[in-house]
Amino acid sequence: MQAAQPRRPNSPQSLPKVSHHPFCLSVKGHVKMLRLVLTVTSMIFFILAQAPEPYIVITGFEVTVIFFFIVLYLLRLDRLLKWLFWPLLDIVNSLVTTIFMIIVSVLALIPETTTMTVLGGVFGLVSVVCCIADGALIYRKLLFNPSGPYQKKPSHEQKLIL
């Protein structure tokens, strides 16, 4: 019989496999990046059209908040600062952003204004769709069941509570 060879401390067999999926490559990351790009584009169109200042200020504020969340998730600060429940803050942000951007975009589209203002409103409405998708993705994560809340588990997977 041969003796088992001891594992070396730095060999690939001894290291535990960590499922690390970077934020940039996740669906949530793509939706947040798309949301940032669309909101920045909307803000640029409002600036070029010299639209009313509240349009520019609200979209600028939303760009800042979205950028903050992207940096937070890129640097994995949500795992470091556990005293805040980041997914709930992200959902609230998505809801508030949706409401503000709907108001700004509709107000930009209602009067007969310049083409740049209309484009800013259109990009704002597309950004609203991304906000809703972002909120839905985070809400799904909060359910702690990625396969959906209504799918029944087989009886052998259920735990018995005594």
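These numbers were taken from a predicted model, which means no experiment stands behind them.

Parameters at a glance
Residues numbered from 1 in each chain as written. Predicted model: local features only at pLDDT ≥ 70, side-chain atom pairs only at ≥ 80, totals over all residues. Heavy atoms only, no water. Helix = DSSP H or I, 4+ residues; strand = E, 2+ residues; numbered from the N terminus. Expected span 1.5 Å × (residues − 1). Buried < 20%, exposed > 50% of the residue type's maximum accessible area, 1.4 Å probe, protein only. Contact = heavy atoms within 4.5 Å. Phe/Tyr/Trp six-rings, centres within 6.5 Å; stacked < 30°, edge-to-face > 60°. Lys NZ or Arg CZ within 6 Å of the ring centre and 35° of its normal. Salt bridge = Lys/Arg side-chain N within 4 Å of Asp/Glu carboxyl O.

**Observations concerning helix H5 (residues 115-142)**
Each turn of an α-helix holds 3.6 residues, which means side chains three or four residues apart point in the same direction. With 28 residues, H5 ought to run about 40 Å at 1.5 Å a step, and its terminal C-alpha atoms sit 41 Å apart, in line with that. Within H5, the full set of buried residues consists of Thr-117, Gly-120, Gly-121, Gly-124, Ser-127, Val-128, Cys-130, Cys-131, Asp-134, Gly-135 and Ile-138. Tucked into the core, H5 has its buried residues touching helix H1 (27-48) and helix H4 (86-109).

**Structural notes on the packing of aromatic side chains**
Each aromatic ring pair is described using two quantities: the centre-to-centre distance and the angle formed by the ring planes. As enumerated under the stated definition, the model contains four aromatic pairs in all. Each ring, one from Phe-46 and one from Tyr-55, has its centre 5.4 Å from the other, and the planes form 50°; the classification is tilted. Accessibility assignment for this pair places Phe-46 and Tyr-55 in one class, buried. Taken together, the ring pairs connect Phe-68, Phe-69 and Tyr-73 into an aromatic cluster. Sitting above the plane of the Tyr-73 ring, Lys-28 keeps its charged end 3.8 Å from the centroid.

**What to know about the pattern of salt bridges**
Scanning the entire structure with this criterion turns up three salt bridges. Salt-bridge contacts for Asp-134 lead to Lys-32; the nearest nitrogen and oxygen are separated by 2.5 Å. Residue Asp-134 is located in helix H5, and its partner Lys-32 is located in helix H1; the two are separated by 102 residues in the primary sequence. Take Lys-32: its relative accessible area is 1%, and that puts it in the buried class. Each of Lys-32, Arg-35, Asp-90 and Asp-134 takes part in a single network of salt bridges with overlapping partners.

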